[in-house]
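Coordinates in review
Each chain is listed here by its residues.
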Amino acid sequence: MPESRFASFGRFRRSHEFWLLIVILVLCASLGAANGQFLTMQNLFDLLTSYAFVGILALGLLVVLIAGGIDISFTATASVAQYVTLTVANAYGANWICVFAIAIGIGGALGALNAIFIQKLRIPSIIVSVATLNIFYGLLIFFTGGKYIYSLPDWFATGIFWFEFDWGKDTSYGVNLQILALGFSFLFTWLLLNRSNIGRQIYAMGGNTDAAQRLGFHVFGLNMLVYCYMGVMAGIASLVQAQLAQSVAPTVLVGKEELDVVAAVVLGGASLMGGVGTVLGTFLGLALLAILQNGIILLGVSSYWSPFFVGLVILISVSATAWSQRERRTRSARP
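Residues numbered from 1 in each chain as written. Predicted model: local features only at pLDDT ≥ 70, side-chain atom pairs only at ≥ 80, totals over all residues. Heavy atoms only, no water.

**Examining the overall build of the protein**
Where we set the bar: Helix and strand definitions here come from DSSP, where helices need a minimum of 4 consecutive H or I residues and strands a minimum of 2 consecutive E residues; each element is numbered from the N-terminal end. Using C-alpha atoms as the atom set, the radius of gyration is obtained and then compared with a globule rule of 2.2 Å times the number of residues to the power 0.38. Contact criterion: two residues are considered in contact whenever any of their non-hydrogen atoms come within 4.5 Å of each other. In this description, accessible areas are obtained by the Shrake-Rupley approach with a 1.4 Å probe, and a residue is regarded as covered only by the protein chains that are shown. By the counting scheme adopted, Arg and Lys are positive, Glu and Asp are negative, and His together with the chain ends is not counted. For this purpose, a charge sits on NZ of Lys, CZ of Arg, CG of Asp or CD of Glu.
Secondary structure assignment for the protein yields 15 helices and two strands. In summary, the protein has a C-alpha radius of gyration of 21 Å against a globular reference of 20 Å for 335 residues, a match within 12%. Here the contacts in the protein between residues at least 6 apart in sequence split such that 78% fall between residues at least 24 apart. When the accessible area of the protein is evaluated, it comes to approximately 17100 Å², of which 67% is carbon and sulfur surface. Of the charged side chains in the protein, 17 are positive and 13 negative; the average position of the first set lies 17 Å away from that of the second.

So, in structure tokens, the structure goes:
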């Protein structure tokens with residue numbers, strides 16, 4: 001047993017996640033020393049709450065990337081699910097179960113459309129998702145006129161706040177809707193990818209689609225599952241974002257969150273070629289993204305530098321991963 005644990009740690013020490021964790025710890029220590037507000041309970045809870053939307057979408061994108069596809073229409077899907085769900089809730093009344101069921105249903109249906117175009121018409125997934133991003137968003141703006149929804153049901157605006165506890169004078173914390181949804185999404189995605197036969201098939205299909213077909217995998221069904229899963233995550237994330245913002249703005253999400261979502265997944269080590277990626281890596285990628293952007297604010301650096309640093313970190317991370325994979329292939333090819 002000790003040898004097994006040592007071997008497991010040895011494998012982890014050679015992984016992308018280990019070095020990502022080291023970078024995060026060093027960055028946290030540096031920011032904590034530079035600004036005393038960084039490691040406060042308030043800042044940590046605020047980071048979890050504000051990045052829940054990005055994190056949930058990143059989990060959906062992770063599954064799609066592992067399967068060998070790509071989907072960037074998730075912000076349009078979230079916008080449609082958000083607007084339709086809360087319009088229905090305002091008009092006819094609803095509860096938490098109803099709004100999540102509607103948002104998940106809409107997200108899953110739009111994800112299924114992506115899967116059908118990609119698989120049945122053999123169109124590259126990047127082209128389909130760019131097209132549906134604009135189609136979904138264009139139809140939403142046409143039918144809504146871009147009008148915001150400021151009046152939300154009282155129970156929805158109040159949100160969820162569990163396990164409340166006091167921390168210092170006049171300060172309390174607890175598990176809110178954003179943290180609860182983010183934690184559940186991470187847990188369910190981990191179970192799907194690591195504790196189910198479907199998860200193993202998704203990895204295999206992303207590694208080699210032709211081989212997966214020859215082995216008898218239902219490639220169309222698996223692709224339908226992963227794109228619907230992306231849509232489901234978009235539906236959940238849409239309600240999380242609406243409750244946090246206390247409004248529904250159809251023009252806010254599209255064009256503003258895609259970079260952060262892709263960054264979180266790529267920083268976590270997921271490959272755009274398919275077959276590679278972990279939930280732990282995505283969590284660490286999200287953490288690095290959140291810490292980096294939060295640190296820029298706390299250090300008083302202009303927010304205009306944020307996209308530059310995010311893009312730089314992505315480039316460095318992808319380059320390091322590619323170099324590591326090339327080195328492994330070189331070593332394995334040696335006699």
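**Examining empty space enclosed by the protein**
Note the threshold: Within this scheme a cavity is a closed region of a 1 Å grid, computed over the protein atoms alone, that accommodates a 1.4 Å probe without allowing it to escape, whereas a pocket is open but has protein on both sides within 12 Å along at least five of seven lines; lining residues each have an atom within 4 Å of a point. Grid points are joined across faces, edges and corners, and a volume is the space filled by probe spheres set on the points. Residue polarity follows a fixed list, in which Ala, Val, Leu, Ile, Met, Phe, Trp, Tyr, Cys and Pro are nonpolar, Asp, Glu, Lys and Arg are charged, and the others, Gly among them, are polar.
For the structure shown, the criterion picks out one cavity of 30 Å³ or more. Its volume calculated, the largest cavity comes out at about 30 Å³. Forming the walls of the largest cavity are Asp 71, Ser 73, Phe 74, Thr 77, Leu 110, Gly 111, Asn 114, Met 230, Gly 231 and Ala 234. When contributions to the lining of the largest cavity are tallied by element, the ones reaching two or more residues are helix H5 (74-92), helix H6 (96-120) and helix H12 (219-245). Of the residues belonging to the lining of the largest cavity, the class tally is four nonpolar, five polar and one charged.

**As for the side chain of Ser 238**
What counts here: Three exposure classes are used, based on accessible area relative to the maximum for each residue type with a 1.4 Å probe and protein chains only: buried under 20%, partly exposed in between, and exposed over 50%.
Assignment of secondary structure puts Ser 238 in helix H12. For Ser 238, a relative accessible area of 0% puts it in the buried group. Apart from residues lying up to four places away in sequence, Ser 238 is in contact with Phe 53, Ala 78, Ala 81, Gln 82 and Ala 103.

**Side note on the packing of H6 against H12**
To be explicit about the condition: Note on geometry: axes are C-alpha line fits, over the in-contact stretch for helices, and angles between N-to-C directions span 0 to 180 degrees. Throughout this description, any angle smaller than 35 degrees is read as roughly parallel, any larger than 145 degrees as roughly antiparallel, any in the 65 to 115 degree range as roughly perpendicular, and the remainder as oblique. Crossing handedness is read from the near helix: turned anticlockwise from the far helix by less than a right angle, it gives a left-handed crossing, and turned clockwise, a right-handed one.
Between H6 and H12, the least distance of the axes is 6 Å, while the angle of their chain directions is 140°. The pairing of H6 with H12 is recorded here as oblique in orientation. Our pair here, H6 against H12, has a crossing hand that is right-handed. Classifying every residue of the contact of H6 with H12 by side-chain character gives 17 nonpolar, 10 polar and one charged.

**Some details on the packing of helix H9 (residues 177-194) against H12**
Look at H9 against H12: their axes get within 9 Å of each other, and the N-to-C directions meet at 165°. Relative to H12, H9 is oriented roughly antiparallel. The two elements H9 and H12 cross, and the hand of that crossing is left-handed. Note on element contacts: H12 touches H9 through Tyr 229, Met 233, Ile 236, Leu 239, Val 240, Gln 243 and Leu 244, opposite Leu 177, Gln 178, Ala 181, Ser 185, Phe 188, Thr 189 and Leu 192. The residue makeup of the contact of H9 with H12, split by class, is 10 nonpolar, four polar and no charged.

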